[in-house]
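Observations on the model geometry
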Amino acid sequence: MSDVHRPLRSPIEMLDKSFIQQHGLAKYLQRLLSMQAFWAADEDVARSGHCHNHIGEGQCGIVYALCNTHDVVKVVKEGKVPSLEQDSRTHERVLATFDNLDNAIVKPAINIPGLVTWIEPEDWAWWAAQGVDETDRGMYPAILSHSLVTSRILPLQETAHEALFDYFAPSQLKIEPERSKALGEETNRDCLIRIYLGRRQPRSPTANFKLRNFDLMVNEMEALHLDTSIYATTMARTLAILHWGGVGTDGNDIEFVLGEALRANPVPSLSEFCKMAPSDLRRKDSMYPAEQALGMWLLDFNQCAFFDHDKAGLKRLVDAFFWTDPYYPWPNSKDARDEALWKVCKEAYLETSEKVAELNMARDFIDAVEGHRPSIASLFS
């Protein structure tokens, strides 16, 4: 797995329900989503409770969490074996490239799931080792299919998951018993947060609200006083390396999400320990809370394609930029905030591209993106 990259360290605070009571939901989410470290007692992750449970679905596969591991398995959909194979090939190449970046290059603060193994159909021995036996007929479609196993991006823990719901859910869902019912639904478990810097719009008050693959829009980040330039810089540097740093892929349909990134040091420093409240030291679940943070993760490479350094390759890069969900800042917005964020993205992309490859089409790519008027723009406005 790629190293867990850490933003500049700031004073570490305890983020728990007492923090919410004292400072409010907005302040809690601002602190949580900043990707800065915080103290938090170990608690249950807000995930589905079943073994080998379905936690997501994409164009080429259905994703299950494996029992008693930190891995997931993506089971191929009918007719999508080539796409899953491409996912595996590109994923392997991405990991190798990011792990071997030159020290002179500033590595993006991005995390990439580890690549575990490829499973052929009817590998009964492997599935049996995961706790699946011949009586578990619900898993037969998976066992009879090709599958790709990767490490799991852990979703938000229970307190964070509920805070996100209480802040963003429609008012009609925040009243009991509707709140408890909604929080217990499968579509509100296993919460990862998509960072949509390219979408600015009010959140719909519809009751069709879900936290799984939660879309956090740029106007909502601004309302929480988050530094969106950090997200934009990370995405831009990552895309530049995907294009010119040795991967050589267009980055089509990749995803940038926030998920849990556990920290290496579970014990507070002496100065931090002395500042902790007595109530924190008396916690029954742990004498020392764990140092944690949310991190930005890169995933889903099944739609990525390699390209040539020519006119057709440039077109592929531009098309991929606009076909991907609206993670990147919008380059042709009339909103001054979007224009400023796009400038941050552009400068980080060009700077990183220059460092990773002397010969590239980075400037041509940016010029083509800025001059492009895609017909699908209305989808992301």
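Residues numbered from 1 in each chain as written. Predicted model: local features only at pLDDT ≥ 70, side-chain atom pairs only at ≥ 80, totals over all residues. Heavy atoms only, no water.

Regarding the pattern of salt bridges
This structure, assessed with the given rule, holds 23 salt bridges. A salt bridge links R337 to D335; the shortest N-O distance between them is 2.8 Å. A salt bridge links E370 to K346, with the shortest nitrogen-to-oxygen separation between them at 3.1 Å. Of this pair, E370 sits in helix α14 (residues 362-370) while K346 is found in helix α13 (residues 336-356), placing the two residues 24 residues apart along the sequence. Here the salt bridges do not stand alone but share partners, grouping R200, E222, D335, R337 and D338 into one network. (Salt bridge = Lys/Arg side-chain N within 4 Å of Asp/Glu carboxyl O. Helix = DSSP H or I, 4+ residues; strand = E, 2+ residues; numbered from the N terminus.)

Notes on unusual backbone geometry
Backbone torsion omega between E176 and P177 reads 10 degrees, so that peptide bond is classified as cis. Here P177 lies in the loop between α6 (158-168) and α7 (178-183). Phi at H225 takes a positive value of approximately 60 degrees, unusual for a residue other than glycine. We classify H225 as exposed; its relative accessible area is 64%. Its identity is not glycine, yet D300 carries a phi of approximately 70 degrees, on the positive side. When you line up the elements, D300 lands in the loop between β11 (290-299) and α12 (311-323). (Buried < 20%, exposed > 50% of the residue type's maximum accessible area, 1.4 Å probe, protein only.)

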